[in-house]
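Notes for the structure review
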Amino acid sequence: MRRPFIALLGLGLLVTLPMPAFAQDGRVQQIIERYENANRWRDHVMIVAHRGGWKENGVIRWAENSRAGVRHSIGLGVEVVELDVRAARDGEYVVMHDSWLDRTTDCKGEVAERTLDELRTCHLVVEGSGEVTDETVPTLAEMLEVAKGQVLVNIDNKLGPDHVAGMVAVARRLGMEGEIILKENIFSAERLAAVKQAVADAGPKFRFMPIIADDAVEDPRFVETVTRAFSADMVEMVAWRGERKLLPDDGGALFAARMRAVAVRGDWHLWVNTYPIVDRPSGFTGRGRGDELAVQAGFPEEVYGFWAERGATVIQTDEPRAAIEWLERNGLRRPYGLTN
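Residues numbered from 1 in each chain as written. Predicted model: local features only at pLDDT ≥ 70, side-chain atom pairs only at ≥ 80, totals over all residues. Heavy atoms only, no water.

Turning our eyes to something else, we now look at the overall build of the chain. Looking only at helices and strands, the chain has 11 helices and 13 strands in total. Compactness check: the chain gives a C-alpha radius of gyration of 19 Å against a globular reference of 20 Å for 340 residues, within 12% of the reference. With the principal axes as the frame, the chain shows a C-alpha extent of 50 × 45 × 45 Å. Within the chain, the proportion of its 340 residues that are buried is 57%. For the chain, the accessible area works out to roughly 14,100 Å², and carbon and sulfur atoms hold 52% of it. (Helix = DSSP H or I, 4+ residues; strand = E, 2+ residues; numbered from the N terminus. Rg over C-alpha atoms; globule rule 2.2 N^0.38 Å. Buried < 20%, exposed > 50% of the residue type's maximum accessible area, 1.4 Å probe, protein only. Areas by Shrake-Rupley, 256 points an atom, 1.4 Å probe, with all protein chains shown as cover.)

See the structure below:
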């Protein structure tokens, strides 16, 4: 969705002075400017903290989808935090990845079977160590307030297109509709029509991002149709590893030359995922090139460098610190300017 260019104070400083890790007034506007102008920022890779930011060096250090994790990610300098959203029994939107409570809280049972008041008795747990935190299951509104004015929030809607309008309404009540990114998987003309209607029903001024997966879509013409339908500034590309055991030398159909040409013509960012999935081979959503190869095996150039060379300007990762540090050392991050 195209918006007027947002003027940046001291534009010359943008490429010469680094910004402190802690967000300053106006930083979210600078992030939005980069979000909306992909072709201007093809030499800068934005970082998305998966599940709000919960891992470092392969170890789970914060409860996923927690305030603590989001605040840490903001301090690192990420541009986006990703949060998973479900609904309590009384319809309140809460931030929780699983449909059940057992793995990430000290409660058991289904999220949808408990009211918000009941969920507020459930404390978030740091998976692995088993540490029970002081944080209880948060609402979407509470988590948005943590990020407000500092980073964009990518909402992973676990409930389907019928809930897009409701989630946007939460952000709108906080004056944050321009700081969220809603997304849905688009794989056919029928699905495109259904999601387009859901987005229209949600009203104006929020950001929508299509998800395209290469097990269903490989045709650049279809992707161009999708991006034009939503005036998209960003597309999440899922490059499945599949059953392959060896690392391919290319990024697959979604990162081929024709697709990159479509992205340039449409002035939108290509987003890739490098986070691991439990019980799946490493790099399952990134053609085998994921965080485990980058951090645990020690080959970040084969992951973050590989995807940057193939046109990715957004990386969603469980290792935001490692990704940012490697990208900065290799000239693939452009500093943010200071603001008044």
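With that settled, the discussion passes to the environment of Gly 160. With respect to the element layout, Gly 160 can be found in the loop between strand E8 (152–157) and helix H5 (164–173). Sequence-wise, Gly 160 and Arg 86 are 74 residues apart; in three dimensions their C-alpha atoms are separated by 9.8 Å.

Turning next to the packing of helix H7 (residues 220–230) against helix H8 (residues 257–266). Axis separation between H7 and H8 bottoms out at 9 Å; the angle between their running directions is 20°. Our classification of the angle between H7 and H8 gives roughly parallel. Once H7 is placed against H8, the crossing between them reads as right-handed. Of H8, the residues touching H7 (which contributes Pro 220, Arg 221, Val 223, Glu 224 and Arg 228) are Arg 258, Met 259, Val 262 and Arg 265. Taken together, the residues of the contact of H7 with H8 break down into four nonpolar, no polar and five charged. (Axes fitted to C-alpha atoms, helices over the stretch in contact; angles between N-to-C directions. Parallel < 35°, antiparallel > 145°, perpendicular 65-115°, else oblique. Left-handed = near helix turned anticlockwise from the far one by under 90°. Contact = heavy atoms within 4.5 Å. Nonpolar A, V, L, I, M, F, W, Y, C, P; charged D, E, K, R; others polar.)

Right, let's talk about the state of the cysteines for a bit. A full pass over the atoms with the stated rule returns one disulfide. Bridging Cys 107 to Cys 122, the disulfide has an S-S length of 2.2 Å. Between Cys 107 and Cys 122 the disulfide shows an S-S torsion of about -100°. By sign, it is left-handed. Of this pair, Cys 107 sits in the loop between strand E5 (93–95) and helix H3 (116–119) while Cys 122 sits in the loop between H3 and strand E6 (123–126), and the two are 15 residues apart along the sequence. In this structure Cys 122 comes out as buried when scored by relative accessible area, which is 0%. (Disulfide = S-S within 2.5 Å.)

Before going further, it helps to examine helix H2 (residues 67–76). Most of H2 is tucked away, with seven of its 10 residues classed as buried. Within the span of H2, buried status applies to Arg 67, Gly 69, Val 70, Ser 73, Ile 74, Gly 75 and Leu 76. For H2, the secondary structure elements touched by its buried residues are strand E1 (46–49), strand E4 (80–87), strand E7 (131–136), helix H4 (140–147) and helix H11 (320–329). Directly after H2, the chain includes Gly 77, whose backbone phi takes a positive value near 105°.

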